[in-house]
Amino acid sequence: MKDNGYIGERIKRINAALPDGVTLIAVSKYHPAESVQAAYEAGQRDFGESKAQDLVKKQQELPADIRWHFIGHLQSNKIKYIAPFVHLIHSIDSYRLLQEVDRHGAKNGRRIPCLLQIHIAKEDTKFGFTPDECISMLQDSAWRTLQNIEIRGVMCMASNTDDLELIREEFAAVQRLFLEMKERFFNDEKNRFDIMSAGMSDDYPIAIEQGSTHIRIGSGIFCK
Ligand SMILES: *Cc1c(COP(=O)(O)O)cnc(C)c1O
C-alpha cells in the first residue's frame, strides 16, 4: 500500500483556507483511483478529469457520490460516455459542441450543466472562444432553444508564465466578461449563471481574488 497520507492533508489544508463560496475541484488526471480515494476520505467530493475514458473508468470504480467534472478538450464522439453522469462540463468551445451535448442530454433525460471555455491566455495552443466569439454566439439566440444543457458560467486558463500581473489581468478580463454575459444574456431568474472556473495549482489565489468560484488543482494535491 502506497503512502497517500499527504493527499488528505493537502485537501484539508486547501479547503480550510478557501473563502466561502469557492469550490475546490481536485484534478485527478494521470493519478490512480487510490489517490482519488485518499482525497475522498479527507472529505473531497468534486474531482476533475481531462479524458472521457479516464472519467468513466474512475466513476465506475469509485464512490457514487463523487461529482465528476470534465475539464479537458471534449471530442463529440466521446460525449456519449460521460453524458449519463457528468456533473459539469467546463470545456465547451464551440456552438456545435454545445448542440451535441444537448442531444446527449436529451437521450439521457437530463439537462447537462456546461461552462463556456474562454481563450484568454497568450499561447495559441489553448482551446476556447475568444471573448468576441463568445458574445456573438450568445447574441445569436439559437442556444436558447437547447433544452438539455444549462450554461452555468465560464472557464479559463491563464498564460503559463511567472508574470503574476499578466495572470491577474487575464483573470480580471474573464471576470468582466462573465459579469457582462450575466447581465446581458442570463439576467432572467430561471438562469443560474454563477460559475467562474479559474485557477490552478500555481495561480489559484489570484483567480480567487478576481472572482473565481471554482478552482481546479491537480499537481498541488496529487504530486509528491
Ligand atoms: C491539468 C489541469 C488542471 C490542473 O493543473 P495543475 O497545474 O496540475 O493544478 C486544471 N485545469 C485544467 C483544464 C487542466 O487540464
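Residues numbered from 1 in each chain as written. Predicted model: local features only at pLDDT ≥ 70, side-chain atom pairs only at ≥ 80, totals over all residues. Heavy atoms only, no water.

Engineer: Could you give an account of the packing of helix α1 (residues 5-17) against helix α2 (residues 33-41), naming the residues involved and the relevant values?
Structural biologist: Interhelical geometry of α1 versus α2 gives an angle of 45° and a closest axis separation of 8 Å. In terms of orientation, α1 lies oblique with respect to α2. In the packing of α1 onto α2, the handedness of the crossing is right-handed. In contact with Ile7, Gly8 and Ile11 of α1, α2 contributes Ser35, Ala38 and Ala39. (Axes fitted to C-alpha atoms, helices over the stretch in contact; angles between N-to-C directions. Helix = DSSP H or I, 4+ residues; strand = E, 2+ residues; numbered from the N terminus. Parallel < 35°, antiparallel > 145°, perpendicular 65-115°, else oblique. Left-handed = near helix turned anticlockwise from the far one by under 90°. Contact = heavy atoms within 4.5 Å.)

Engineer: Describe in detail the site of the ligand, supporting the description with residues and values.
Structural biologist: Around the ligand, a shell composed of Lys29, Ile71, Met157, Met200, Ser201, Arg216, Ile217, Gly218 and Ser219 is seen. Here Lys29 contributes a side-chain N or O atom positioned 2.7 Å from an oxygen atom of the ligand. For the ligand, the protein covers 85% of the area, taking 390 Å² as the surface of the free molecule. For the shell around the ligand, the per-class residue count stands at four nonpolar, three polar and two charged. (Near = heavy atom within 4 Å. Polar contact = N/O pair within 3.5 Å; in protein donor to acceptor, adjacent residues only side chain to side chain. Areas by Shrake-Rupley, 256 points an atom, 1.4 Å probe, with all protein chains shown as cover. Nonpolar A, V, L, I, M, F, W, Y, C, P; charged D, E, K, R; others polar.)

Engineer: Now, about the packing of helix α6 (residues 131-139) against helix α7 (residues 164-185): what can you tell me, with residues and values included?
Structural biologist: Each pair of packed helices can be described by the angle between their axes along with the distance between the axes. At a minimum axis separation of 11 Å, α6 and α7 run at an interaxial angle of 10°. By the angle class used here, α6 and α7 are roughly parallel. For the pair α6 and α7, contact is made by Pro131, Cys134, Ile135, Leu138 and Gln139 and by Leu177, Glu180, Met181, Arg184 and Phe185, respectively.

Engineer: I'd like a description of the packing of aromatic side chains, backed by residues and values.
Structural biologist: This model, assessed by the stated rule, comprises four aromatic pairs. With 5.9 Å between their ring centres and 40° between their planes, Phe47 and Trp68 make a pair best called tilted. In this pair, Phe47 sits in strand β2 (residues 46-49) while Trp68 sits in strand β3 (residues 67-70), placing the two residues 21 residues apart along the sequence. Note on Trp68: relative accessible area 2%, which makes it buried. Taking the centre distance of 4.1 Å and the plane angle of 10° together, the rings of Phe186 and Phe193 count as stacked. For Phe193, a relative accessible area of 0% puts it in the buried group. (Phe/Tyr/Trp six-rings, centres within 6.5 Å; stacked < 30°, edge-to-face > 60°. Buried < 20%, exposed > 50% of the residue type's maximum accessible area, 1.4 Å probe, protein only.)

Engineer: Before we move on, can you summarise the pairing of β2 with the specific residues and values?
Structural biologist: Of the two faces of β2, both are covered, the one formed by Asp46 and Gly48 as well as the one formed by Phe47 and Glu49. Taking the sense of rotation as the criterion, the β-α-β connection linking strand β1 (residues 23-27), α2 and β2 turns out right-handed. Judged from the four bridges that link them, β2 and β3 form a sheet pairing that is parallel. When the sheet's bridge partners are listed, Asp46 is paired in β3 with Arg67. (Right-handed = clockwise from strand over helix to strand, strands pointing away. Pairing = 2+ DSSP bridges.)

Engineer: Help me get a handle on the side chain of Ser201, residues and values and all.
Structural biologist: Along the chain, the position of Ser201 falls in the loop between β7 (195-197) and α8 (204-209). A distance of 3.3 Å separates polar atoms of two side chains, one belonging to Ser201 and the other to Ser219. Among the polar contacts made by the side chain of Ser201, one reaches the main-chain amide nitrogen of Gly220 at a distance of 2.9 Å. In contact with Ser201, not counting residues within four places along its chain, are Arg216, Ile217, Gly218, Ser219 and Gly220.

Engineer: An account of the nonpolar core is requested, with residue identities and associated values reported.
Structural biologist: Membership of the largest hydrophobic core comes to 66 residues, with the highest contact counts inside it found for Ile89, Leu138 and Met181. Per element, the largest residue contribution to this core is seven residues, and it comes from α7. For Met181, the contacting residues outside a window of four places in its chain are Leu116, Cys134, Ile135, Leu138, Val154, Phe186 and Phe193. (Core = buried A, V, L, I, M, F, W, Y, C linked by side-chain atoms within 4.5 Å.)

Engineer: With reference to specific residues and values, describe the pattern of salt bridges.
Structural biologist: The final tally for this structure, using the stated rule, is 12 salt bridges. A salt bridge links Glu100 to Arg103, with the nearest nitrogen and oxygen atoms 3.0 Å apart. Of this pair, Glu100 and Arg103 both sit in helix α5 (residues 95-107), separated by three residues, roughly a single helical turn. Ionic pairing is found between Glu209 and Arg168, a salt bridge with its closest N-O pair at 2.6 Å. Within this pair, whereas Glu209 is found in helix α8, its partner Arg168 is found in helix α7, the two being separated by 41 residues in sequence. Its relative accessible area of 24% is what places Arg168 among the partly exposed residues. (Salt bridge = Lys/Arg side-chain N within 4 Å of Asp/Glu carboxyl O.)

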